[in-house]
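Residue-level listing of the chains:
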Amino acid sequence: MGKITAICNQKGGVGKTVTAVNLGIGLAREGKRVLLADVDAQGSLTASLGYQHPDQMEHTLAELLGRVISDEPLPPDRGILHQAEGVDLLPANIELSGLEVTLVNTMSRETVLREYLNGLRDQYDEILLDCCPSLGMLTINALAAADEILIPMQAHYLSIKGLEQLLRTISNVKRKINPGLRIAGILITMADLRTTYSRDIIELLRNAYGDKLRIFDSVIPRSIRAAEMSAEGRSIYLHDPAGKVSAAYAALTREVLS
C-alpha cells in the first residue's frame, strides 16, 4: 500500500507547492509510482504541473470528495491526470472552497479524504498531498489521511513561531483521529545561506527542534528559478537541471528514500 505524505504548513509562501512538484517528480525519476493531490482551492499545484486553467476542469478533487460524501459510485481513475514528467495528478480548483463548507456538516467530516485515498493506495508507492495555507477542514482531512507530514519552513523567525501552532494541531489530530500519524521532517526552504540571518535562523531551528524532530540536511536555496518553473508548468529538473535548486531537491529525494 502506498505511503501518504501531507506537505503541510499553515503559513503561506513557504514552498509547499514547489516541494510537492519537485519531490513528487524526483520520486518518479527514481522509479516510484507517484500521485500528487492538490488539496488547495487555489489550484497552485494543478497550475504548476501545466494545467493553467484549473477552474475550467470538469473533474476535480471537489467533485470526487462530493461523491464520497453522497455515497455515489466512483470509478477509481476518475479525474486523475497523467502528467508528462511521470506523475499522476488529482487536480483542484475554487470549487474546493465550497466543499470545505459542506464538510462542516458532514458525518465523519475529518476522514472523507482518507476514505477516498484508501481506494487508490494500492496503485501508487507515494501519494503526496499539497495542503492549503490554513488549518481548516481540508488540512485536517489531509492530516487524517496521511501516514506522515513533511513541513516546509522558510528560514525566517516568524516561520518558527508558526511551527508551534502547527505542531499543536498535529498533536490533536494524532490523539483524536489518526494515531499513526508521524512527522517525516522539517524542510528548510528559500534560504539565502550567504546571509548571517538565514544561517542564524537555521541554527536556531536545529537547536530548538533537532533533538525532537528530523530536520532534513537538504536545504532549498532561494532562487528565482523556482518561481519560473511554476509559471512554465514543469519541474525544476527540466527548467534548470544544472542549478542549485534542482540539486537540492534531488538530495531531498534521496533523503526521503533513505
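See the structure shown above.
Anyway, here's the lowdown on the structure attached to this text. (Residues numbered from 1 in each chain as written. Predicted model: local features only at pLDDT ≥ 70, side-chain atom pairs only at ≥ 80, totals over all residues. Heavy atoms only, no water.)

## With respect to the overall build of the protein
Thinking step 1. Per the secondary structure count, the protein includes eleven helices and eight strands.
Thinking step 2. The C-alpha atoms of the protein give 17 Å as radius of gyration, which agrees with the globular expectation for 258 residues (18 Å, within 12%).
Thinking step 3. Expressed as lengths along the three principal axes of its C-alpha atoms, the size of the protein is roughly 55 × 40 × 30 Å.
Thinking step 4. Counting only carbon and sulfur atoms, one obtains 50% of the accessible surface of the protein, whose full area is about 11300 Å².
Thinking step 5. Separation of charge centres in the protein, based on 27 positive and 31 negative side chains, amounts to 7 Å. (Helix = DSSP H or I, 4+ residues; strand = E, 2+ residues; numbered from the N terminus. Rg over C-alpha atoms; globule rule 2.2 N^0.38 Å. Areas by Shrake-Rupley, 256 points an atom, 1.4 Å probe, with all protein chains shown as cover. Lys, Arg positive; Asp, Glu negative; His and termini not counted. Charge placed at Lys NZ, Arg CZ, Asp CG, Glu CD.)

## Focus on unusual backbone geometry
Note: most residues except glycine have negative phi, and most peptide bonds are trans.
Thinking step 1. The backbone of D71 sits at a positive phi, close to 60°, despite the residue not being glycine.
Thinking step 2. For D71, the position within the fold is in the loop between helix 3 (61-69) and strand 3 (81-82).
Thinking step 3. Despite not being glycine, M190 shows a phi value in the positive range, around 50°.
Thinking step 4. Note that M190 resides in strand 7 (residues 182-191).

## Details of the packing of helix 1 (residues 16-29) against helix 11 (residues 244-257)
Thinking step 1. The geometry of helix 1 relative to helix 11 is characterised by a closest axis approach of 9 Å and an angle of 65° between their N-to-C directions. By the angle between their directions, the pair helix 1 and helix 11 is classed as roughly perpendicular. For the element pair helix 1 and helix 11, the recorded crossing hand is right-handed. For the pair formed by helix 1 and helix 11, the contact residues are V18, T19, N22, L23, G26 and L27 on the first element and Y249, L252, T253, V256 and L257 on the second.
Thinking step 2. Here the residues of the contact of helix 1 with helix 11 sort into seven nonpolar, four polar and no charged. (Axes fitted to C-alpha atoms, helices over the stretch in contact; angles between N-to-C directions. Parallel < 35°, antiparallel > 145°, perpendicular 65-115°, else oblique. Left-handed = near helix turned anticlockwise from the far one by under 90°. Contact = heavy atoms within 4.5 Å. Nonpolar A, V, L, I, M, F, W, Y, C, P; charged D, E, K, R; others polar.)

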